[in-house]
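# Summary of structural features
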Amino acid sequence: MARAPGPRGARDGSRYGLRLHYSEEGLEPLETGGGIFRALPLLGEGPFLVLNGDVWTDLDCARLRGRLAPGDLAHLVLVPNPAHNPAGDFVLERGRIVEREGERLTFSGAGVYRAALFDGCTDGVFKLAPLLRAAARAGRVSGELHEGAWLDIGTPERLAELDARLRSGSR
């Protein structure tokens, strides 16, 4: 028997003590940059956390509160390079994301951002990485390394790998 939605609706998170808002992308996926840009009116004035929906991690997101320094546009959480991304994405040097040669780490999909990162953008499909690289060149991106559990489950094969790991009791 289906349950009737509560007074605040069945999909708003109130049942779990949360307030959820949805930003519709439509038929064409907007990529990460375009999706965040479209959601900006829902995110308020202060810094906001984004965690990609296709990652599994033990990252304590609460400890990212306050990590975004004044003047910075982003704070990224990086992880050691997985087999599917051996070249990595960004160079982390003394807590800063830098655009130069060096050992690259993989962007985990977790970051804290300011809306100003998206200044000059327009609604539509666009990637987040070019915005992050431009901000890094301007010296406005910090970062940290997470060495705990993390897995990109963005393919059916990697999701099956995680399922097998969890069923076996390993992390």
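Overview of the structure. (Residues numbered from 1 in each chain as written. Predicted model: local features only at pLDDT ≥ 70, side-chain atom pairs only at ≥ 80, totals over all residues. Heavy atoms only, no water.)

### Focus on the overall build of the protein chain
Quick note on the threshold: Helix and strand assignments come from DSSP, with helices taken as H or I runs of at least 4 residues and strands as E runs of at least 2, each series counted from the N terminus. Per-residue accessibility, obtained with a 1.4 Å probe over protein chains only, is compared with the maximum for each type, and a residue is labelled buried under 20%, exposed over 50%, and partly exposed between these values. In this analysis, two residues are considered to be in contact whenever any of their non-hydrogen atoms come within 4.5 Å of each other. Here the accessible surface of atoms and residues is derived via Shrake-Rupley with a 1.4 Å probe, and residues count as covered only by protein chains that are part of the display. His is not counted, nor are the chain ends, whereas Lys and Arg count as positive and Asp and Glu as negative. Working definition for charges: the position is that of NZ of Lys, CZ of Arg, CG of Asp or CD of Glu.
Counting its secondary structure elements, the protein chain contains 3 helices and 8 strands. Listed by position from the N terminus, the elements making up the protein chain come as α-β-β-β-β-β-β-α-β-β-α. With respect to the three principal axes, the spread of C-alpha positions in the protein chain is 60 × 45 × 30 Å. Within the protein chain, buried positions represent 37% of all 171 residues. If you take every contact in the protein chain between residues at least 6 apart in sequence, the share linking residues at least 24 apart comes to 66%. Total accessible area computed for the protein chain in this model is approximately 10,700 Å², and 53% of it derives from carbon and sulfur atoms. Of the charged side chains in the protein chain, 22 are positive and 23 negative, and the gap between their average positions amounts to 5 Å.

### Considerations on the pattern of salt bridges
Heads up, the condition is: Here, a salt bridge means any Lys or Arg side-chain nitrogen found within 4 Å of an Asp or Glu carboxyl oxygen.
Under the criterion given, the structure shown has 12 salt bridges. Between glutamate 93 and arginine 100 there is a salt bridge whose closest N-O contact spans 2.4 Å. Glutamate 99 serves as the salt-bridge partner of arginine 137, at 3.9 Å between the closest nitrogen and oxygen. In this pair, arginine 137 is assigned in helix H2 (residues 129-137) and glutamate 99 in the loop between strand E5 (96-98) and strand E6 (104-113), connecting sequence segments 38 residues apart.

### Describing the packing of aromatic side chains
Put simply, the test is: Stacked, edge-to-face and tilted are the three classes for Phe, Tyr and Trp ring pairs, Trp counted by its six-membered ring, which pair at centre distances within 6.5 Å; planes under 30 degrees apart are stacked, over 60 edge-to-face, the rest tilted.
Scanning all chains against the criterion turns up 3 aromatic pairs. Seen from their ring centres, phenylalanine 48 and tyrosine 113 are 6.0 Å apart, and the 50° between their planes marks the pair as tilted. With phenylalanine 48 in strand E1 (residues 48-51) and tyrosine 113 in strand E6, the pair connects residues that are 65 residues apart, well separated along the chain. By relative accessible area, which is 6% here, phenylalanine 48 ends up buried.

### With respect to the pairing of E1
Just so we agree on the cut-off: Strands were regarded as paired on the criterion that DSSP finds at least two bridges between them.
Only one face of E1 is buried, namely the one carrying Phe48 and Val50, since none of Leu49 and Leu51 on the opposite face is buried. Bridge count for E1 against E6 is 4 bridges, and the pairing is antiparallel. Residue pairing for E6: leucine 51 is matched across the bridge by alanine 110.

### A look at the nonpolar core
How we decide: To define a nonpolar core, start from buried Ala, Val, Leu, Ile, Met, Phe, Trp, Tyr and Cys residues and group those joined through side-chain atoms within 4.5 Å.
Of all hydrophobic cores here, the largest spans 24 residues; its most connected members are Leu76, Tyr113, Leu117, Phe118, Leu128 and Leu132. Contributions of two or more residues to this core are made by helix H1 (31-43), E1, strand E3 (74-79), E6 and H2. Sorting elements by how many residues they give to this core places H2 first, with 4 residues. Core analysis: the next-biggest nonpolar cluster, separate from the first, contains 6 residues, Leu59, Leu68, Val77 and Val112 among them.

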